[in-house]
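Structural features, examined
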Amino acid sequence: MNKQGTQVWGSASLQAQPIVIDKNNNRLSFKVDATEYEVAIPEGTYVTKKEYFTSNLIVPLNGALENAGAPVVAKLGGVHMDKHMNVLVLEHHDSSAPHTIDSFGGSAKELVWGNTEHTTDQYGSE
């Protein structure tokens, strides 16, 4: 079994409608082990297709995370909260120890993150 880094799962449904990011709603901030990071999501319209488990938000968001020096990667996750939906997942690069990823904020928070739905440690347990 491959180890994974600590993951946090958002609650905002990415496939509810296309997400339009512009200069007024492109900032996502969070802390990793008490270090704050802020990323600027590139402007554009992002579409997530639940039936294909794809989102064109993930690649540009990963570029923004890398540019900010954040030690996490963005992934698409599937959750079931009254109905199945796709949400944003951030996973720490380091799978050798647990990490804290929290304090989400910024103008894009409600669009792409919502609230933290759950967190898993490096072994995938909650």
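Everything in this summary refers to the structure shown in the same document. (Residues numbered from 1 in each chain as written. Predicted model: local features only at pLDDT ≥ 70, side-chain atom pairs only at ≥ 80, totals over all residues. Heavy atoms only, no water.)

A word on the sheet that holds strand E10 (residues 101-105). With antiparallel pairing, three strands are arranged side by side in an open sheet as E4-E3-E10. Each edge of the open sheet is held by one strand with a lone partner, namely strand E4 (35-40) and E10. With direction set aside, neighbouring strand axes in the sheet form an average angle of 25°. (Pairing = 2+ DSSP bridges. Helix = DSSP H or I, 4+ residues; strand = E, 2+ residues; numbered from the N terminus. Axes fitted to C-alpha atoms, helices over the stretch in contact; angles between N-to-C directions.)

Another aspect to go through is the side chain of Ser 29. Note on placement: Ser 29 falls in strand E3 (residues 27-32). Since its relative accessible area comes to 9%, Ser 29 is described here as buried. Contact partners of Ser 29, with chain neighbours within four places excluded, come to Glu 36, Tyr 37, Glu 38, Ser 103, Phe 104, Gly 105 and Gly 106. (Buried < 20%, exposed > 50% of the residue type's maximum accessible area, 1.4 Å probe, protein only. Contact = heavy atoms within 4.5 Å.)

Turning our attention to the packing of aromatic side chains. Aromatic ring pairs are described here by two measures, namely the spacing of the ring centres and the angle between the planes. Applying the stated criterion across every chain yields a total of three aromatic pairs. Cluster of aromatic residues (ring-pair linked, three or more members): Phe 30, Tyr 37, Phe 104 and Trp 113. (Phe/Tyr/Trp six-rings, centres within 6.5 Å; stacked < 30°, edge-to-face > 60°.)

Turning our attention to the environment of Thr 6. Mapped onto the elements of the fold, Thr 6 is located in the segment before strand E1 (7-10). Separated by 23 residues in the primary sequence, Thr 6 and Ser 29 place their C-alpha atoms 17 Å from one another. A polar contact of 3.0 Å, which involves the side chain of Thr 6, links it to the backbone nitrogen of His 99. (Polar contact = N/O pair within 3.5 Å; in protein donor to acceptor, adjacent residues only side chain to side chain.)

Moving on, we get to unusual backbone geometry. One non-glycine residue with positive phi stands out, namely Ala 34, at about 75°. Mapped onto the fold, Ala 34 is located in the loop between E3 and E4. Judged by relative accessible area, Ala 34 falls into the exposed class, the value being 67%.

Ranked by internal contacts, the top residues of the largest apolar core, which has 27 residues, are Phe 30, Leu 65, Leu 90 and Val 112. Elements with a contribution of two residues or more to this core: strand E2 (19-21), E3, E4, helix H1 (58-67), strand E8 (72-81), strand E9 (83-92), E10 and helix H2 (109-113). Take this core: its biggest share by element is four residues, from H1. Ignoring any residue separated from it by four or fewer positions in sequence, one finds Leu 65 in contact with Phe 30, Val 39, Ala 70, Val 72, Val 73, Ala 74 and Leu 90. If you look at the next biggest cluster of nonpolar residues, it comprises five residues, including Trp 9, Val 79, Val 87 and Val 89. (Core = buried A, V, L, I, M, F, W, Y, C linked by side-chain atoms within 4.5 Å.)

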